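The residues making up each chain are set out below.
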Amino acid sequence: MKETAITVDQLKWQPDLKQKAILNQLSTHFVQGGFYGIMGPNGSGKTSFIRHLLRFLEAKEGEIYLEGKPLEHYSRKQLATYISFVPQNVNIEADFTVYDMIAMGRNPYQKRFQALSKEDDEKIEQAMEITNCKELKERPFSYLSGGEAQRVLVARAIAQDTKYLILDEPISHLDIRYQIELMENLKYLNEKKGKTIIAILHDLNLSAAYCKNMILMKEGSIFASGMVEEVLTKSHLKAVYGIDFEIYEADHRKQRFYIPIISS
């Protein structure tokens, strides 16, 4: 049995006491080596949830444990050696090269003003190889297309070489080719490198094709969690998204397809 990596216990969060809670008594766990998709409509609390896992937001009610230790007991630098993060987008004003951006993934392991070591260089090269970024290494990051920039952000997270990789809507603004390419990279990291992947996703079909487990959120709570086929059912999708779906299965590919029903 795989060990529990991250445990969330009764997490509640409301930015203002006058406002409705954005996260409401949320409890779940992630096992090592899992590939988790987090789904739900806009405003369901997905981003607030992962921001707590990253300690961008501090848990004021409830507790989060990383490998059995309360999350707040880790320093920021320690946490960065366990968890890497790929944001939805990044605004970079300075003209860092692609190589510079990827090299930032090694910062948690370096002392101040320390030069890159041979191990750092090897990790950066491996990350560029996995994400096909080598031909971009000298280009300014700010000049890249959306798909290219997302590949670089994933490469930076790979170079960081953590057990856990969290992504916030990594494919939302990419064309279908780059969506598939990124999801294949995540599959490789999960299956070949043993990384635990936690990703906010919106595409039901890609999520079902790549994720092993699913967390379906509604109004700040977990509506359903478990294996993909157990969570992404017609009744669950209707209850969460408020529309009907048809589900088709391609037997020769062992892949499910989710089609929203448009009322006439």
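Read on for an overview of the structure. (Residues numbered from 1 in each chain as written. Predicted model: local features only at pLDDT ≥ 70, side-chain atom pairs only at ≥ 80, totals over all residues. Heavy atoms only, no water.)

### Let's talk about the nonpolar core
- Counting residues in hydrophobic clusters, the biggest one holds 51 residues, and the most contacted among them are Ile102, Val152, Leu165, Met183, Leu186, Leu232 and Tyr258.
- Among the elements that line this core, the one with the most residues is helix H5 (residues 146–160), at eight residues.
- Residues within four places of Leu165 in sequence aside, it is in contact with Ser84, Val86, Ala157, Leu186, Leu189, Thr196, Ile197 and Ile198.
- Counting 28 residues, the second largest nonpolar core, distinct from the first, contains Ile38, Leu57, Ile166 and Ile215. (Core = buried A, V, L, I, M, F, W, Y, C linked by side-chain atoms within 4.5 Å. Buried < 20%, exposed > 50% of the residue type's maximum accessible area, 1.4 Å probe, protein only. Helix = DSSP H or I, 4+ residues; strand = E, 2+ residues; numbered from the N terminus. Contact = heavy atoms within 4.5 Å.)

### Points about unusual backbone geometry
- Phi at Arg55 takes a positive value of approximately 65°, unusual for a residue other than glycine.
- Relative to the helices and strands, Arg55 resides in the loop between helix H1 (46–53) and strand S4 (61–66).
- Arg55 sits in the buried class, given a relative accessible area of 12%.
- Positive phi, normally seen in glycine, also occurs at Glu67, with a value near 50°.
- Tracing the backbone shows Glu67 in the loop between S4 and strand S5 (69–70).
- Residue class for Glu67 comes out partly exposed when judged on its relative accessible area of 29%.

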